[in-house]
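# Per-entry structural report
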Amino acid sequence: MTARERIVGTLERKRVDRVPVDIWYVGEVLEELYAYTKTGNEREMWRVLGVDKWAWVNPAYVGELAPKSAEASFVNHWGVQFKMVQSGQATYGEAVVRPLEGYTAETIKDYPYWPDPDKFDYAGMEKQVKELANEFATLGPWVSLFEIYCLMRGIEQALVDVALEPELVHRALDKIEEVQTGMLENVLARTRGELDAVFVSDDMGSQQGLLMSPGMWEEFIKPRFERWCKLIHAYGVRVFHHTDGAVRELIPRYIELGVDKWAWV
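The structure contained in this document is the topic of the report that follows. (Residues numbered from 1 in each chain as written. Predicted model: local features only at pLDDT ≥ 70, side-chain atom pairs only at ≥ 80, totals over all residues. Heavy atoms only, no water.)

## Description of the nonpolar core
If you look at soluble globular proteins, the nonpolar side chains tend to sit buried side by side. Counting residues in hydrophobic clusters, the biggest one holds 65 residues, and the most contacted among them are Phe 146, Tyr 149, Met 152, Val 198, Met 204 and Ile 221. Setting aside residues no more than four positions away along its own chain, Val 198 makes contact with Leu 139, Gly 140, Pro 141, Val 143, Leu 184, Leu 188, Ile 232, Val 237, Arg 238, Val 239 and Phe 240. Counting eight residues, the second largest nonpolar core, distinct from the first, contains Ala 137, Ala 197, Phe 199 and Phe 240. (Core = buried A, V, L, I, M, F, W, Y, C linked by side-chain atoms within 4.5 Å. Buried < 20%, exposed > 50% of the residue type's maximum accessible area, 1.4 Å probe, protein only. Contact = heavy atoms within 4.5 Å.)

This is the structure we're talking about:
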C-alpha cells in the first residue's frame, strides 16, 4: 500500500497492511534527518524512514505585503512582522509588529493589508497536490481564526478583546474568515479527489484550562468553524483539526461540528 492508501484507509475504518506512522519536525530536526538518511529532499527521506507522511500543501501568497520594518526579518501576508530568534539549536520567528494594534471596531475596515483571496498561487498548489497524491496523503491549506487574530493583535490584547471589545473581535474575525474562505473555495475546486484534508488550527487551551469560556467560544469561534466544516465536507474533504492545551470540554462540540481527525498537545 502507498502511504496515502494506508492513511485514508485507516480514516475510512478499512483494513490496512500496518498502522500508519506520521512524523512532524522543525527545521533543525529536518537537517539532522537529511544527514541521517543521506537524502536531499523530504519525499526521499520519508521513503527511507518508512513513514506515512501527511504531505503539507499551501498556496503561496503573491500579492502585495506590508512594508517590512528595520527590526523585522520577514512579514507574512497578514502584515505580521517577525524577527528570527536563536534559542539553543532552535531558530524561530518572533512577532515584533502586531499590525492591528491601535485599531478599533470603527477603524478595522481601514486596515490596508488584508490579503486578497485572488492573490494566492493556486496553480502552483494544484500542481503540488497532483504530484504528491500519487503516493502521500495531502494536508492543507492551513487556516485559522483566533490564532491569526492573536498574531495581529498580540495574545494578551486578544484575550482582553473577547471580554471588552467583542465588536472589534467579530469584525476582525469576519474579515479573517472571508479571506480564507475565498482561498479555500479556490483550492478545493482545483484539487477535487486529490486533496485529503484541510488543516484547521486554533489553539484554545492553556496548560490547565481554556483560553476563553465555552460561551465565548460559542459566540466567536463556533459559527465560523462550522461554516468551514460544511464547506470542506461539501467537496468530500476531511477536516483535520489541531489545537493545543486543556481543551477536553470542547472536544464533543468539535466532533459535533464535523472534525474528522485530531492533533493536539
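## A few points about the side chain of Arg 153
The residue Arg 153 is located in helix H5 (residues 146-153) in this model. A polar contact is formed between the side chain of Arg 153 and the backbone oxygen of Leu 100, at a distance of 2.9 Å. When neighbours within four sequence positions are excluded, Arg 153 is seen to be in contact with Arg 98, Leu 100, Glu 101, Gly 102, Tyr 103, Asp 161 and Leu 168. (Helix = DSSP H or I, 4+ residues; strand = E, 2+ residues; numbered from the N terminus. Polar contact = N/O pair within 3.5 Å; in protein donor to acceptor, adjacent residues only side chain to side chain.)

## Observations concerning the state of the cysteines
Evaluation of the coordinates by the stated rule reveals zero disulfides. This cysteine, Cys 150, is not joined by any disulfide, and Cys 229 carries the nearest cysteine sulfur, 20 Å off. (Disulfide = S-S within 2.5 Å.)

## Notes on the layout of surface pockets
Unfilled space is identified by rolling a water-sized probe across the atoms. In this structure, the largest pocket occupies an estimated 620 Å³ of space. What lines the largest pocket is a set of 25 residues, among which Phe 74, Asn 76, Phe 82, Trp 142 and Leu 151 lie closest to the centre. Of all the secondary-structure elements, those providing two or more residues to the lining of the largest pocket are helix H2 (27-37), strand E4 (90-97), H5 and helix H7 (166-190). Partitioning the lining of the largest pocket into residue classes produces 14 nonpolar, seven polar and four charged. By volume, the second largest pocket amounts to about 530 Å³. In this structure, the second largest pocket is lined by 15 residues; those nearest its centre are Tyr 25, Glu 42, Lys 53, Trp 54 and Trp 56. (1 Å grid on protein atoms, 1.4 Å probe; cavity = no way out; pocket = protein on both sides within 12 Å on 5 of 7 lines; lining within 4 Å. Points joined across faces, edges and corners; volume = space filled by probe spheres on them. Nonpolar A, V, L, I, M, F, W, Y, C, P; charged D, E, K, R; others polar.)

## With respect to helix H1 (residues 3-11)
Judged by how many residues are buried, H1 sits mostly within the fold: seven of nine residues are covered. Those residues of H1 that sit buried are Ala 3, Arg 4, Arg 6, Ile 7, Val 8, Gly 9 and Leu 11. One or two positions beyond H1, positive phi appears at Arg 13, with a value near 60°.

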